[in-house]
There are 2 protein chains.
Amino acid sequence: MHGETRLGILGGGQLGRMLLQAGIDLNLYTLILDPDPEAPCKSLCNEFHVGSFADYNTVYTFGKKCDVVTIEIEHVNTEALLRLKQEGVRVFPEPEVIKIIQDKGLQKEFYRQHGIPTAAFRLLQNKMELPEHEDFLPAFQKLRTLGYDGRGVTRIASSADFAKGFEAPSVLEKLVDYEKELAVLVARNEKGEVSCFPVVELVFHPVHNLVDYLFAPANISAEISQQAQEIAEQVIQAFNMTGLLAVEMFLTKDGQILVNEAAPRPHNSGHHTFKANLTSQFEQHLRAILNLPLGNPQEHSAAVMLNLLGEPGFSGEAKYEGLQETLAVPGVSIHLYGKKITRPARKMGHVTITAGTVAEATQKATSIKEVIKVKA
Amino acid sequence: MHGETRLGILGGGQLGRMLLQAGIDLNLYTLILDPDPEAPCKSLCNEFHVGSFADYNTVYTFGKKCDVVTIEIEHVNTEALLRLKQEGVRVFPEPEVIKIIQDKGLQKEFYRQHGIPTAAFRLLQNKMELPEHEDFLPAFQKLRTLGYDGRGVTRIASSADFAKGFEAPSVLEKLVDYEKELAVLVARNEKGEVSCFPVVELVFHPVHNLVDYLFAPANISAEISQQAQEIAEQVIQAFNMTGLLAVEMFLTKDGQILVNEAAPRPHNSGHHTFKANLTSQFEQHLRAILNLPLGNPQEHSAAVMLNLLGEPGFSGEAKYEGLQETLAVPGVSIHLYGKKITRPARKMGHVTITAGTVAEATQKATSIKEVIKVKA
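Just so it is clear, the model here is predicted, and its values are computed rather than measured. (Residues numbered from 1 in each chain as written. Chains lettered and ligands numbered in written order. Predicted model: local features only at pLDDT ≥ 70, side-chain atom pairs only at ≥ 80, totals over all residues. Heavy atoms only, no water.)

## Let's talk about the domain arrangement of chain A
Annotation of chain A at the domain level lists domain 1 (6-91), domain 2 (120-174) and domain 3 (178-375). Centre-to-centre separation of domain 2 of chain A and domain 3 of chain A, based on C-alpha positions: 27 Å. (Domains from an automatic or database assignment.)

Now the structure itself:
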């Protein structure tokens, strides 16, 4: 079968690259669409097409060459995907799901409609409406569309912040007083088989809002862990989707779990699975969308994952410092994304530290973080 | 550093393909040389060159484009590699080592000279000499060069078999009455750091002499395991080589370990390491030849690996039967090599079964072997 499966991926960044890496095992014929002629996937696929995944005709024409189309980013043209689906191309995640998820307003309404616990929110057309919601502060204002990796989010603590509000349609989300941020990767194949990865814990960088540390498994009770997995399953079932879904959650100080947002694709919260779990998130996504039985997502090692971000103050051709020292630590592997150019806070790679316990891995991670740097 | 390392691999088959897969993590610029325009590596490298790795000029010209040159097969032009080395290209394993290993006669003499335990042998020019060695039978006659995957080996039990002897220079190796066949993968980097993978046990197919089952770890005593690893280290130190060395051994019925042969590259006896060890053999080889610290080779799971060979009686475009059933077994992954055409006993892929114990994995393996088939 697989010798002939033509898999198209919208987006050719690091997530696409790791999908291709896992896909080598499955004899796929791979096609990538990305606007950047130097995208990380460039030399690792059968066909690399330069073009915009947001453009109807580009996506449609690309999709017609494929048996199965998937995404590594949500900001794609869903109208083209809907037409492709109507014309018999298998599109996973389903375009209807992408359409909801790419609009944070629709996404929040979806959770409310399906009884999925999520922080209180209001929908705004522009920043002129902010004063009507002063009673709702402190809150985060999030652009409904095209936010990514911390962009498109601003904190509105009081009326003093109204001026920095976004002009475009947005979600005003009540600030959650949380203990931890958790994530659960859950996969579902066409047969409806569902499988959750163990819950992980994410620590975000306070300024650029990117994952700074990931701890796997999360340091939470068995009860909370089970609840988090049940909620993730509830979300994927509600979406009735095929593929991998990353569900980010808040664990509030009073022990409640609230869904923050979801991404219907491999996600930064699962990078460690390549090195610490029996099945990686990338293999799991491929199994799900190719309607293969899902793999065993169990972890075999505890892990900490660090994002390797471009160092502040450096832009230009990337140079990696401290690789020797980092790789000398037992249980440490690095994964670089093949990006020639670094910029402050650009995701350039990640480091996975496996160990018997998260505490042991964390100790190693803390010193590695001091040593490894991406400069120019 | 790695953004700029241009790694050339002589050979573009499944071993090269898995090296490329592991190399994605390290941002390498990769070049492949293979005579087959449809080789498994074709679409996974930066540059794919069609040409013979046995030809002096082809290898030399190819090597001049690289910073580091390695191999996935021994049958390469070592004269060209020696010249490349003199001209500053980093060639690992060293051409001098490849030269010894590609000639089974030189290889056996090397073991004898270095006090490495190996089966008794005699060197023959042609089959006319066989009668002089009747006292030495039963034995295996092995072609000194170009044998591969069981080709170039014939059993000479008595004078009745002389007619089927090889005409070319060969090694006549006394038959070893062995209990088990073992293998140890050992790596060494330029700094001289050495690291062994746990010992594995190989069961070969009685007819086509390819690995049928691999058990990891081997079911042997801690003492034998330690001895096997010590011998592997002795071999790599004697060769003074850089890279990964697969050392195949016999464990005789009286508890002796004899080195059978070695391969200075990733090897079929390490395919399970992608799924069952903290560092794969492919990552380890790359770390060694790029002079990075070696990774932790420890296993996190027990494993059985099955080669997926072309079914007898089928030649043509490969079709895979039983993938669904195979992948439905928890802990099972498949790895297909991207070969369009199957032939009887052609290596088309492998299956890795991980579990808590080898016994548990073996039970699963036995039923999987009945189900998964490569036909045409």
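## Focus on the interface of chain A and chain B
The interface of chain A with chain B comprises 42 residues on the first partner and 42 residues on the second. The junction of chain A with chain B conceals about 3,500 Å² of combined surface from both sides, 49% of it contributed by carbon and sulfur atoms. Counting the surface chain A buries against chain B, the share from its top three residues, A:Ile24, A:Asp25 and A:Asn27, is 18%. Where chain A packs against chain B, one counts two salt bridges. Among the salt bridges present, the one from B:Lys275 reaches A:Glu283, with a minimum N-O distance of 2.7 Å. Taken together, the elements giving at least two residues each to the side of chain A that touches chain B come down to helix H1 (14-23), helix H8 (281-289), helix H9 (323-327) and strand S19 (332-336) of chain A. If one sorts the elements of the side of chain A that touches chain B by residue count, S19(A) sits on top with five residues. (Contact = heavy atoms within 4.5 Å. Buried area = accessible area lost by both parts, 1.4 Å probe. Salt bridge = Lys/Arg side-chain N within 4 Å of Asp/Glu carboxyl O. Helix = DSSP H or I, 4+ residues; strand = E, 2+ residues; numbered from the N terminus.)

## Focus: the nonpolar core
Counting residues in each nonpolar core, the largest one holds 90 residues, and the members touching the most others are A:Leu286, A:Val304, A:Ile353, B:Leu286, B:Val304 and B:Ile353. Beyond its immediate chain neighbours, meaning those up to four positions away, B:Leu286 contacts B:Leu7, B:Leu19, B:Ala22, B:Gly23, B:Leu26 and B:Leu28. Core analysis: the next-biggest nonpolar cluster, separate from the first, contains 27 residues, B:Ile101, B:Ile220, B:Ile236 and B:Ala262 among them. (Core = buried A, V, L, I, M, F, W, Y, C linked by side-chain atoms within 4.5 Å. Buried < 20%, exposed > 50% of the residue type's maximum accessible area, 1.4 Å probe, protein only.)

## Considerations on the pairing of strand S21 (residues 347-355) of chain A
Residue and element names in this part refer to chain A. Buried residues dominate S21, accounting for nine of its nine residues. Inspection of the sheet shows strand S16 (residues 302-309) paired to S21 by eight bridges, in the antiparallel sense. When the sheet's bridge partners are listed, Leu309 is paired in S21 with Lys347. Pairing of S19 with S21, which is carried by five bridges, proceeds in the antiparallel orientation. (Pairing = 2+ DSSP bridges.)

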